[in-house]
Amino acid sequence: MENNAKPITHQGNLAKLPKALAPLIARPQWAVWRWTQKPDGSWQKPPFVAIQPECHASTSDRATWADYNTALATVQAGHADGLSYILTQDDPFGAFDLDHCRCLVTCSIDIWAQNYLQAAVNTYQEITPSGEGVRIWGLADGDPLNRKLTLKINNKNIAVELFRRTNKALTVTGYTLDPAIRELQNVDKVFAWASVWGERRKAAAAQEKVASKGNGFDSPGYRYSIDEIEQFVREGAPAGTNRSDVFHAIIGHYVGCGWDLKRILAHLEQHPEGIGSRYLAEGRLGNESARSAGKYAQTELPLGGNGGWTAKAPPEPEEPPRPDQPPEDEPEDPELDDDHDDDLGEELPKHDPNLPRLYAHGDPDPRPITSWLIKGLIPAVGHGLLSGQWGAGKTFAFFDLAASLSTGQPWLGHVVKRQCGMLLIAAEGADEVRLRLDAVVREKCGNMTRMPFRWYETAPLLLQKGAVKTLIVMARQAEASLQAEFGLPLGLIGIDTIAACAGYGRAGDEYDNAVGQAVMNVLKAVAQELGCFVLGIDHFGKNLEAGTRGASSKESSGDLVLACLGNKELSGSVTNTRLAVRKNRSGRQGQEFPFVLRMVEAPEKDEDGDPITTMVIDWLPAGAAAAEAQSELDIWAQPRRQDQRTAVLRLKRVLMTILAGQGVDLPIPPDGPTVRMVDQELVRKDFYASTPAEGTSKQKRQFRYAQFKRALDWAEQEQLIAIGEIGDITYIWLTRPDPEDAEEEQG
């Protein structure tokens, strides 16, 4: 059906593009684009000349290009919808277009596209203007490449375009997936992998067709829809069909979709009552799946990670078996049920039902070796702690993690392996959950309408009898709600904080290792019952080197311990904030990821017309200095109390405005340098005028005076301003530049 509505444009702040794009900004190869409707009703984004936005730009005519600032001015004037960079054959850049891979409702990214993002995890990635695609930018010096791969994955048409050493107009949105990326990295190996990936997908599709015509399994599954296949995986083969045939056909379906054996096993073992139930119960699921996949010429993609890249040619399709010759490794009797074939000559080991299962090395084991929530960092099932100093942003880190899990975007450079819903038990700061959640959705999730996130504002005491059962019932209610609305499982539960939820019976229990272990056992039991990860948010003790407050058994018990650290000043401000991987059973530990807490305003104002503010995390490059982190933090927003922070920010706005319009340049007495100053009386009058107050005239005056005096004293104490008399006038001047002004000067 024809759609005449102009699409919504998804992009960041074009005036402040991410630093990784600096090499592009420096080149005068920019144009603008605007939504243009084709006769069939679809929309496209052709490039136009920045200084003549009614004329089309050419990718081969430099006269139609402009510098970045000229193109930006055209967009800001409303003559275009966005910016385009003209890639040329002489550029040291390469780009990937991943089309139709992102959901506009949930902002989730398809698994096949996540593989691309993981392959190019260290370079720049952004959302395209439609919001449905992703573009990857990097450095490249290989041979010219301009190729489009059009494929169907999971019954969905997708497209991948590869550009290197070629002329092409590419939109730039600045809507980055990972703000911590500050530089472009070489992506020639990713191009090599992508080319082989495309050939393998084609080969798998061809092999699927060959298999459906005769491959030894009769392939009855291919007459079923995708939904029916997934139903069989969950519930078993339909009545009246051969279970073995359906099982093998389903394996062939996943192979044709490009799944490797590990992924197939992980999917099947999640449904113990489904199509693989018998093999799973008998410990044969891995062998049967491998044998079945072998019939479809199962091969793996050449993605080996750090230096392990290979570019193998796609395999030749296996010749289908001749009608007069039985398939290899298959019984000659076509009436023999394959379910019984593998049992001939073997007696399954008998287990004592009163004992736990005994495992032996070398025995088939259908379970995946490792299942991840966040690959290399957070396992799919487990329990751990997110601890930190006061004011170091640990709860904000949890919300940032939730944003990645709900959209499928990488977190700390680690790929999301299980997109899922989240649950928070908010025993502390419950009144802040909605504000903080809305902020992270606006800033990190493309302002999605609904996020797969649920929370409770009351919590059972973890050490109370029945706590595990109560938590499980609460979590199942949340999961049912998430499944009904989003079709997503519950993958992460946060408990904020452990100290508030523990319910210690007497003084000193917090430091008792037996009690600490009991608390962690509750988290573990809930995680194992629900098949998710339970993350307890907790405080650090006075001795920072000892880590999480209380018994050492808490950290010892967890599968993962993340720590939000910082340098806390006597004034209460925290600088050099960073998240450390303090413990990681399944991966590297000791890594640190620096970040800053950025203040953001809610769209609505409070009852006094003042802004409602909270924080979101912005990740910095690895190894960023504390000074760099501090430069990106608005020091005016540091007062702990909300009323004082509001007053200080009001003082900043008033002071900056008057300095710009009514400031005078005078030397600092007695023999200091000349700086721009402003009469304190002018600042006071404007501050009073912008400060709402209630009561009698005297009460209003007293309230405004107190607000002004406190804000002024705080700013002077923090050495943001200085105050002095010249003649009979008291002047105010800045002692350090405003962070935004400093950034503009550096730019």
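Whatever comes next refers back to the structure up there.
Here's a quick rundown of the structure. Note that the structure is a prediction, hence the values are computed from the model and not measured.

1. Some remarks on the pattern of salt bridges
A complete count under the given rule lists 26 salt bridges for this structure. The shortest N-O distance in the salt bridge between Lys-6 and Asp-81 comes to 3.0 Å. Remark: Asp-81 occurs in the loop between helix 2 (68-76) and strand 5 (82-87) and Lys-6 occurs in the segment before helix 1 (22-25); sequence separation between them is 75 residues. By relative accessible area, which is 47% here, Lys-6 ends up partly exposed. Between Glu-529 and Arg-476 there is a salt bridge, with the nearest N and O atoms lying 2.9 Å from each other. Of the two residues, Glu-529 sits in helix 15 (residues 513-530) while Arg-476 sits in helix 13 (residues 467-486), which places them 53 residues apart along the sequence. You can call Glu-529 partly exposed: its relative accessible area is 45%.

2. As for the packing of aromatic side chains
This model, assessed by the stated rule, comprises 21 aromatic pairs. Residues Tyr-116 and Trp-193 carry aromatic rings whose centres are separated by 4.7 Å and whose planes lie at 70° to one another, so their mutual orientation is edge-to-face. Taken together, the residues span a long stretch of sequence, with Tyr-116 in helix 3 (residues 111-119) and Trp-193 in helix 4 (residues 188-213) at a distance of 77 residues. The same class applies to Tyr-116 as to Trp-193, namely buried. Put simply, the rings of Phe-96, Trp-112, Tyr-116, Phe-191, Trp-193 and Trp-197 pair up and form one aromatic cluster. The residue whose ring lies beneath Arg-164 is Phe-191, and the NZ or CZ to ring-centre distance is 4.8 Å. Note that Arg-650 overlies the ring of Phe-687, its terminal NZ or CZ placed 5.8 Å from the centroid.

3. Observations regarding the sheet that holds strand 8 (residues 134-139)
As summarised here, the arrangement of the five strands in space is 7-8-6-10-9, forming an open sheet in which the pairing is antiparallel. The sheet terminates laterally at strand 7 (124-127) and strand 9 (145-153), the two strands that pair on one side only. When the angles between neighbouring strand axes are averaged without regard to direction, this sheet yields 15°. In this structure, strand 7 lies alongside strand 8, joined through four bridges in antiparallel fashion. The residue bridging Tyr-124 from the neighbouring strand is Trp-137, located in strand 8. Taken strand by strand, helix 3 contacts strand 6 (93-99), strand 7, strand 8, strand 9 and strand 10 (156-164), and its axis lies near 165° from that of strand 6.

4. Description of helix 2
Taken together, the buried positions of helix 2 are occupied by Tyr-68, Ala-71, Leu-72, Thr-74 and Val-75. The buried side chains of helix 2 occupy one side of the element, clustering within an arc of 160° when seen end-on. Every exposed residue of helix 2 that faces more than 90 degrees away from the buried side is listed here: Asn-69 and Gln-76. Close packing links the buried residues of helix 2 with helix 1, strand 1 (30-33) and strand 5. The N-capping residue of helix 2, defined by a side-chain oxygen 3.1 Å from the backbone nitrogen of Asn-69, is Asp-67. Taken from the residues just after helix 2, Gly-78 is the one with a positive phi, measuring 90°.

5. A look at the nonpolar core
With 47 residues, the main nonpolar core has Trp-411 and Leu-579 as its most contacted residues. The element that contributes the greatest number of residues to this core is helix 11 (residues 394-407), accounting for eight residues. Among residues more than four places away in sequence, those in contact with Trp-411 are Ile-374, Leu-377, Ile-378, Ala-397, Asp-400, Leu-401, Ser-404, Leu-562, Leu-579 and Trp-619.

6. A short note on the sheet that holds strand 20 (residues 574-584)
Spatially, nine strands are ordered 16-15-17-18-14-19-20-21-22 in an open sheet, and the strand pairing comes out mixed. On the outer flanks of this sheet lie strand 16 (453-456) and strand 22 (611-619), each paired with one strand and no other. Recorded for the sheet is a direction-independent mean angle of 25° between the axes of neighbouring strands. Each of strand 15 (421-426), strand 16, strand 21 (592-605) and strand 22 is contacted by helix 12 (residues 433-444), which is oriented at about 55° to strand 22, the strand it contacts most. Running at roughly 150° to strand 16, helix 13 makes contact with strand 15, strand 16 and strand 17 (490-496) of the sheet.

What counts, and at which threshold
Residues numbered from 1 in each chain as written. Predicted model: local features only at pLDDT ≥ 70, side-chain atom pairs only at ≥ 80, totals over all residues. Heavy atoms only, no water. Salt bridge = Lys/Arg side-chain N within 4 Å of Asp/Glu carboxyl O. Helix = DSSP H or I, 4+ residues; strand = E, 2+ residues; numbered from the N terminus. Buried < 20%, exposed > 50% of the residue type's maximum accessible area, 1.4 Å probe, protein only. Phe/Tyr/Trp six-rings, centres within 6.5 Å; stacked < 30°, edge-to-face > 60°. Lys NZ or Arg CZ within 6 Å of the ring centre and 35° of its normal. Pairing = 2+ DSSP bridges. Axes fitted to C-alpha atoms, helices over the stretch in contact; angles between N-to-C directions. Contact = heavy atoms within 4.5 Å. Arc of directions from axis to C-beta. Polar contact = N/O pair within 3.5 Å; in protein donor to acceptor, adjacent residues only side chain to side chain. Core = buried A, V, L, I, M, F, W, Y, C linked by side-chain atoms within 4.5 Å.

All quantities given are derived from atomic positions and should not be read as evidence of function.
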